[in-house]
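Fold and contact review
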Amino acid sequence: MTGTTASGGHYGEDLFEPEHPQEAERIDAAALVYDPVTTGRLRALGSGPGGRCLEVGAGTGTVVRWLLEEAGAAEVVALDRDTGGLKSLAGPGVRLVTTDLRDENLDLGTFDLIHARFVLMHLPERRQLVSRLARWLNPGGWLVLGDAVEVPNPLDSSSAYRRTMDAMWQALRTTIGTDISDIPAYPRFLREEGLQNVACELVCPPLVADGPLARFWSETWDRMRPALEETGRVDSAVIDEAMAYLASPRLAELGPGMMIAWGQRP
């Protein structure tokens, strides 16, 4: 999916182009860590069996595949601005929709489950989009939103890791409109939409030296080098030091986590 700033920046265009030879690998590194969390929550909510599901920002399709093959969904609609990496999933039970979630003419019907992970954080219109997604729920249907939450170490403001991570969030916001400041308000947003059984959880998976999550952040920083340096917080040497730290046995950090919020249409 994409986010827009006043200057017109887009996820997938100004940063993280889907045609980049390592983009699918970068996304899948995060999926290795977060898919078990996501699918565990969806399974606990009883999502899938016989239902019609919408996967917003489907990426490389790992959650789409789980919904169809393991959760037993009757239909999964996979929505993304670029669905080129999902063509192998097209077929009975899967509908690919190549569009922007913010398209006012978008009419996909209603769903028993709507799931969006690491999507709304990149879209400045996220509050309005929560309302839109909630309206697409069938009675009894679940809206499940997952986005990043940062839990920085208050005793560290100067390490290469901290400086690079802070530069990343600043660069993402300036370049493509990413904002994680209101992610903790998601439960309130869902309640305001009239949803019931609202709850949330925060999961910070272990950041293990040279593990998939460390590789995800390292690849992300490397791809963002010019934007990171433009913040004035870091230079190339600091970025290199931070990336080396992610692969080092000295690594000892509580990395960014994912907050999942959910609510059910009465």
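Residues numbered from 1 in each chain as written. Predicted model: local features only at pLDDT ≥ 70, side-chain atom pairs only at ≥ 80, totals over all residues. Heavy atoms only, no water.

1. Some words on the overall build of the chain
Within the chain one finds eight helices and seven strands. On C-alpha atoms alone, the chain measures out to a radius of gyration of 18 Å, which is about the 18 Å that the 2.2 N^0.38 rule sets for 266 residues. Considering the chain as a whole, with its 266 residues, one finds that 56% of them fall into the buried category. Within the chain, counting contacts between residues at least 6 apart in sequence, those at least 24 apart form 74% of the total. In the form shown here, the chain has an accessible surface area of approximately 11,300 Å², with 50% of it arising from carbon and sulfur atoms. (Helix = DSSP H or I, 4+ residues; strand = E, 2+ residues; numbered from the N terminus. Rg over C-alpha atoms; globule rule 2.2 N^0.38 Å. Buried < 20%, exposed > 50% of the residue type's maximum accessible area, 1.4 Å probe, protein only. Contact = heavy atoms within 4.5 Å. Areas by Shrake-Rupley, 256 points an atom, 1.4 Å probe, with all protein chains shown as cover.)

2. Considerations on helix H4 (residues 160-176)
For H4, which comprises 17 residues, the first-to-last C-alpha distance of 23 Å matches the rise-based estimate of 24 Å (1.5 Å per residue) to within 8%. Among all positions of H4, only Ala 160, Tyr 161, Arg 162, Thr 164, Met 165, Ala 167, Met 168, Trp 169, Ala 171, Leu 172 and Ile 176 are buried. Buried residues in H4 make contact with strand E5 (137-149), helix H6 (212-223), helix H7 (225-230) and helix H8 (236-246). Count one or two residues on from H4 and you reach Gly 177, which has phi positive near 90°. (Expected span 1.5 Å × (residues − 1).)

3. Observations concerning H8
Looking at H8, one finds that the buried residues are Val 238, Ile 239, Ala 242, Met 243, Tyr 245 and Leu 246. Down the axis of H8, the buried side of the element spans an arc of 155°, and every buried residue falls inside it. For H8, the exposed residues lying more than 90 degrees away from the buried face are Ala 237 and Glu 241. Where H8 is buried, its residues contact H4, H6 and H7. Of the residues that open H8, the one with a side-chain oxygen 3.2 Å from the backbone nitrogen of Ala 237 is Asp 235. (Arc of directions from axis to C-beta. Polar contact = N/O pair within 3.5 Å; in protein donor to acceptor, adjacent residues only side chain to side chain.)

4. Considerations on a nonpolar patch on the surface
On the surface, Val 151, Leu 202 and Leu 254 cluster together into a nonpolar patch covering about 230 Å² of accessible area. We classify Val 151 as partly exposed; its relative accessible area is 30%. (Patch = residues over 30% accessible without salt bridge, like charges linked within 9 Å, V, L, I, M, F, W, Y side chains within 5 Å. Salt bridge = Lys/Arg side-chain N within 4 Å of Asp/Glu carboxyl O.)

5. Examining the nonpolar core
Residues Leu 54, Leu 67, Trp 217 and Trp 221 are the most contacted members of the largest nonpolar core, which totals 87 residues. Per-element tally for this core: the top contributor is H4, with nine residues. In contact with Trp 221, other than residues within four places in its own chain, are Tyr 161, Thr 164, Met 165, Met 168, Leu 228, Ala 242, Met 243 and Leu 246. (Core = buried A, V, L, I, M, F, W, Y, C linked by side-chain atoms within 4.5 Å.)

6. Let's talk about the side chain of Arg 52
Among the secondary structure elements, Arg 52 is positioned in strand E1 (residues 52-56). Here the side chain of Arg 52 touches Glu 75 through a polar contact of 2.7 Å, side chain to side chain. One polar contact links the side chain of Arg 52 to the main-chain carbonyl oxygen of Thr 110, over a distance of 3.0 Å. Setting aside residues no more than four positions away along its own chain, Arg 52 makes contact with Glu 75, Val 77, Arg 95, Leu 108, Gly 109, Thr 110, Phe 111, Asp 112 and Leu 113.

7. Considerations on the environment of Ala 242
Note that Ala 242 resides in helix H8. Residues Ala 242 and Pro 187, spaced 55 residues apart in sequence, show a C-alpha to C-alpha distance of 34 Å. Residue contacts for Ala 242: discarding those within four places in its chain leaves Ala 160, Tyr 161, Thr 164 and Trp 221.

8. Some details on the pairing of strand E7 (residues 257-264)
Summarising burial for E7: eight of the eight residues are buried, a large majority. Neither face of E7 is exposed, since Gly 257, Met 259, Ala 261 and Gly 263 on one face and Met 258, Ile 260, Trp 262 and Gln 264 on the opposite face are all buried. Direction of pairing for E5 relative to E7: antiparallel, over a ladder of eight bridges. When the sheet's bridge partners are listed, Val 149 is paired in E7 with Gly 257. The pairing of strand E6 (residues 196-203) with E7 spans six bridges and is classified as antiparallel. Bridge pairing in E7 links Cys 200 to Ala 261. (Pairing = 2+ DSSP bridges.)

9. Let's talk about the packing of aromatic side chains
In this structure the tally under the stated criterion is six aromatic pairs. Seen in terms of ring centroids, Tyr 34 and Phe 118 are 5.2 Å apart; in terms of plane orientation they differ by 80°. Their pairing is edge-to-face. Taken as a pair, Tyr 34 in helix H1 (residues 23-44) and Phe 118 in the loop between strand E4 (111-117) and helix H3 (126-135) lie far apart in primary sequence, 84 residues in all. Of the residues examined, Tyr 34 reaches a relative accessible area of 3% and is grouped as buried. Its relative accessible area of 24% is what places Phe 118 among the partly exposed residues. (Phe/Tyr/Trp six-rings, centres within 6.5 Å; stacked < 30°, edge-to-face > 60°.)

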